[in-house]
Amino acid sequence: MRKLAGVIAVAALVAAVPTEAVAQGAARAFGFGGQVSWGGESDLGIGLRYENRHTVLMASLPTLRYSLSFDLFFPGQGVSYFETNFGALYGFSSMGGGSVTPYAGGGLNLALTTGGGAGNADVGLNLIGGAQFRAMGRMTPYAEVRLELGGGEQFVITGGLMFF
């Protein structure tokens with residue numbers, strides 16, 4: 001478990017390093033936001049999200065970005081359920097005159113369940129698809145679906161606002 005937490009922490013730090021373009025005053029390459037999620041097995045959840053549009057390692061791929069999200073779900077019956085997701089997302093060409101930008105990708109999922117005096121941690125993979133919508137100033141709305149293979153083992157629908 002400690003090794004997994006270390007891997008996730010290192011991945012988040014690597015994704016958080018902005019490119020040289022950001023250092024030179026270009027548009028912000030990272031953002032934070034909030035989200036509301038619904039999981040097929042865990043009901044309603046709320047969470048936070050971080051995105052990095054470019055990194056030093058992948059500056060040559062401007063449509064590639066990374067996301068890190070934390071969700072707390074409320075399944076009821078004295079059970080707590082928490083997920084952490086790390087994804088690599090590829091943005092496609094904008095549609096509808098630039099009002100919608102679809103993306104797809106994959107990543108890692110860590111699901112933690114506690115309740116009844118016991119805890120359980122599972123690791124799995126995500127298949128991710130979604131879209132970002134036309135920015136409203138610094139706010140960018142998005143909608144996303146995740147299919148979790150292992151880990152949470154559920155289908156999740158998420159929507160929220162990112163602040164870049």
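Residue indices follow the written sequence of each chain, beginning from 1 at its first position. Restriction of local features to residues with pLDDT of at least 70 applies here, the model being predicted, together with a cutoff of 80 or more for giving and counting side-chain atom pairs; totals for whole chains, interfaces and linings are based on all residues. Based on all heavy atoms of the structure, the side-chain values leave hydrogens and waters out of the count.

Caption draft 1: Inspection of the overall build of the protein chain at higher detail. Only DSSP runs of H or I covering at least 4 residues are called helices, and only runs of E covering at least 2 are called strands; the numbering of each starts at the N terminus. Helices and strands together make up the secondary structure of the protein chain, namely two helices and eight strands. Starting at the N terminus, the α and β elements of the protein chain follow one another as α-α-β-β-β-β-β-β-β-β. By definition in these notes, contact holds between two residues if any of their heavy atoms fall within 4.5 Å. By sequence separation, contacts in the protein chain at least 24 residues apart represent 52% of the contacts at least 6 residues apart.

Caption draft 2: Fine view of the packing of aromatic side chains. Between rings of Phe, Tyr and Trp, where Trp is taken as its six-membered ring, a pair exists when centres lie within 6.5 Å; planes separated by under 30 degrees are stacked, by over 60 edge-to-face, and by other angles tilted. In total, this model carries six aromatic pairs according to the counting rule given. Ring geometry for F30 versus F32: centroids 6.3 Å apart, planes at 80°, classification edge-to-face. Here F30 falls in the partly exposed class, since its relative accessible area comes to 24%. Consider the rings of F73 and Y81, whose centres lie 5.6 Å apart with planes at 50°: the pair is tilted. Residue F73 shares its accessibility class with Y81, and that shared class is buried. Counting every residue linked through ring pairs, the aromatic cluster contains F30, F32 and Y50. In this scheme, a residue with accessible area under 20% of its type's maximum is buried, one over 50% is exposed, and one in between is partly exposed, where area comes from a 1.4 Å probe on protein chains only.

Caption draft 3: How the structure looks around the sheet that holds strand β7 (residues 139-150). Strand order in the closed barrel formed by eight strands is β1-β2-β3-β4-β5-β6-β7-β8, and the pairing between neighbours is antiparallel. Looking at each pair of strands side by side, their axes are set apart by 25° on average, direction ignored. At least two DSSP bridges between two strands are needed for those strands to be called paired. Convention adopted: a line fitted to C-alpha atoms gives each axis, helices being fitted over their contacting stretch, and angles between N-to-C directions are expressed from 0 to 180 degrees.

Caption draft 4: A look at the layout of surface pockets. Of the pockets and cavities examined, the largest pocket occupies roughly 290 Å³. A 1.4 Å probe that fits but cannot get out identifies a cavity on a 1 Å grid over protein atoms alone, an open set with protein on both sides within 12 Å along at least five of seven lines counts as a pocket, and a residue lines either if it has an atom within 4 Å of a point. What lines the largest pocket is a set of 19 residues, among which R53, R65, S94, T101 and Q132 lie closest to the centre. Elements that contribute at least two residues to the lining of the largest pocket include exactly β3 (64-76) and β6 (118-133). Polar here means any residue other than Ala, Val, Leu, Ile, Met, Phe, Trp, Tyr, Cys and Pro, which are nonpolar, and Asp, Glu, Lys and Arg, which are charged; Gly is therefore polar. For the lining of the largest pocket, a count of residues per class yields six nonpolar, nine polar and four charged. Grid points are joined across faces, edges and corners, and a volume is the space filled by probe spheres set on the points.

Caption draft 5: Layout of a nonpolar patch on the surface. Taken together, the side chains of W38, L108, L125, L127, V145, L147, L149, F155 and I157 make up a nonpolar region of the molecular surface, amounting to roughly 780 Å² of accessible area. Of all the secondary structure elements, the ones that give two or more residues to the nonpolar patch are β6, β7 and β8 (155-163). Residue contributions to the nonpolar patch peak at three residues, all from β7. Structurally, the position occupied by L108 is in strand β5 (residues 100-115). Only residues whose relative accessible area exceeds 30% and that form no salt bridge are eligible for patches; like-charged ones are grouped when within 9 Å, while nonpolar side chains (Val, Leu, Ile, Met, Phe, Trp, Tyr) are grouped when within 5 Å. Under the convention used here, a 1.4 Å probe and the Shrake-Rupley method define accessible areas, while residue burial counts only the protein chains that appear. Any carboxyl oxygen of Asp or Glu that lies within 4 Å of a side-chain nitrogen of Lys or Arg is treated as forming a salt bridge with it.

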